[in-house]
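# Chains, contacts and geometry: an overview
For reference, the chains in residue letters:
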Amino acid sequence: MTSGIRNLLGASALALVCLSTHATAAPKPELQELRGRIDSLKKDLDSKEDAKADAADELKNSEQAISSINNALRDLARQQQSAQSTLNSLEQEKADLDKRIGAEQVMLGRLLYQQYRSGQQDQFKILLNQENPSQAARQLRYYTYLARARSELIERLRVNLEKLHQLAKATETKQAELSLIQSEQDKQRKKLLAQQET
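Residues numbered from 1 in each chain as written. Predicted model: local features only at pLDDT ≥ 70, side-chain atom pairs only at ≥ 80, totals over all residues. Heavy atoms only, no water.

### Here's the deal with the overall build of the protein chain
So the rule is basically this: Starting at the N terminus, helices and strands are each numbered in turn, a helix being any DSSP run of H or I of at least four residues and a strand any DSSP run of E of at least two. Relative accessibility under 20% of the residue-type maximum defines a buried residue, over 50% an exposed one, and the middle range a partly exposed one, all with a 1.4 Å probe and only protein chains included. Contacts are assigned to residue pairs that have any heavy atoms within 4.5 Å of one another.
The secondary structure content of the protein chain amounts to 4 helices and 0 strands. Going residue by residue from the N terminus, the α and β elements of the protein chain occur as α-α-α-α. When burial is assessed residue by residue, the protein chain has 21% of its 198 residues classed as buried. Of the contacts made within the protein chain by residues no fewer than 6 positions apart, 82% connect residues no fewer than 24 positions apart.

### Focus on a negative patch on the surface
Going by this rule: Note that patches include only residues with greater than 30% relative accessible area and no salt bridge, and the join distances are 9 Å for like charges and 5 Å for nonpolar side chains (Val, Leu, Ile, Met, Phe, Trp, Tyr). Each accessible area is a Shrake-Rupley result for a 1.4 Å probe, and residues are judged covered by the shown protein chains and nothing else. Every case where a carboxyl oxygen of Asp or Glu lies within 4 Å of a side-chain nitrogen of Lys or Arg is listed as a salt bridge. By the counting scheme adopted, Arg and Lys are positive, Glu and Asp are negative, and His together with the chain ends is not counted. A charge is said to be at NZ when it belongs to Lys, at CZ for Arg, at CG for Asp and at CD for Glu.
A cluster of like negative charges, contributed by Asp46, Asp50, Asp54, Asp57 and Glu58, occupies part of the molecular surface. You can see Asp46 is positioned in helix α2 (residues 28–118).

### Re the side chain of Gln188
Tracing the backbone through its elements, the reader meets Gln188 in helix α4 (residues 133–197). Relative accessible area serves as the criterion here: at 9%, Gln188 is assigned to the buried category. Among all residues touching Gln188, those that are not within four sequence positions of it are Ile69, Ala72, Leu73 and Leu76.

### Side note on the pattern of salt bridges
The tally for this structure, following the rule as stated, stands at 8 salt bridges. Between Asp75 and Arg78 there is a salt bridge, with the nearest N and O atoms lying 2.3 Å from each other. With a gap of 3 residues between them, Asp75 and Arg78 both fall in helix α2, about one helical turn apart. For Asp75, a relative accessible area of 37% puts it in the partly exposed group. Taking the shortest distance from any N to any O, the salt bridge between Asp186 and Arg189 comes out at 3.7 Å. Of this pair, Asp186 and Arg189 both sit in helix α4, 3 residues apart, which is roughly one turn of that helix. A relative accessible area of 41% places Arg189 in the partly exposed class.

### Considering the nonpolar core
Let me state the cut-off plainly: Working definition of a nonpolar core: buried Ala, Val, Leu, Ile, Met, Phe, Trp, Tyr and Cys residues. They are joined through side-chain atoms within 4.5 Å.
Counting residues in hydrophobic clusters, the biggest one holds 8 residues: Leu90, Leu97, Ile101, Leu108, Leu153, Leu157, Leu164 and Leu167. Each residue touching Leu108, except ones within four places of it in the same chain, is listed here: Arg150, Leu153, Ile154 and Leu157.

### A word on the confidence of the model for the protein chain
This is how it is decided: pLDDT is a per-residue confidence score from the predictor, ranging from 0 to 100.
Summing up the model confidence of the protein chain, the mean pLDDT is 79 and the portion of residues at 70 or higher is 79%. Put simply, helix α1 (residues 2–21) is where the protein chain has its lowest mean pLDDT, 58, and α2 is where it has its highest, 85.

### Regarding the side chain of Gln185
With respect to the helices and strands, the residue Gln185 is situated in helix α4. Under the relative-accessibility criterion, Gln185 is labelled buried at 3%. With near-sequence residues (within four places) excluded, Gln185 lies in contact with Leu73, Leu76, Ala77 and Gln80.

In structure tokens, the structure reads:
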């Protein structure tokens, strides 16, 4: 459309030149009217050129905003993937620890049951009741091993329960982080849609 206006402007200027050479033949009011039209067309062309430049600037700004939002979405996706991977590792570690705790509880239960069945006696009573000192020593050593195994098992169980508690906290933290990332992604997507609509 601007080329048509330019052609019209060119033709008008040519007509103006022709008319000015024949100024004696052409009346002045027609010449002024023609000059007025040319000026009007120039102003119209200038305003359209300005509008076109403004539209190009707005388009460039819009494309930059969309690019920025897309970059933010990619970063959030990477963060989400990393957090999800960590969460999966934590959940796997928690499941393994649950199994270990279960096995330790079973072992402790068996150990306590064995002690109950054997009717563990007081160590002094064993020493006093035994006629054979080597038999008494063996029995005392056996009870010492059982007591040590029981205390080690209880300590391992306590440590594993503490680890389980820490894993539960870490899992909860990662889930909250994932939730925040998801919320930010939703916000950025809405921003992107709004930007694309403009």
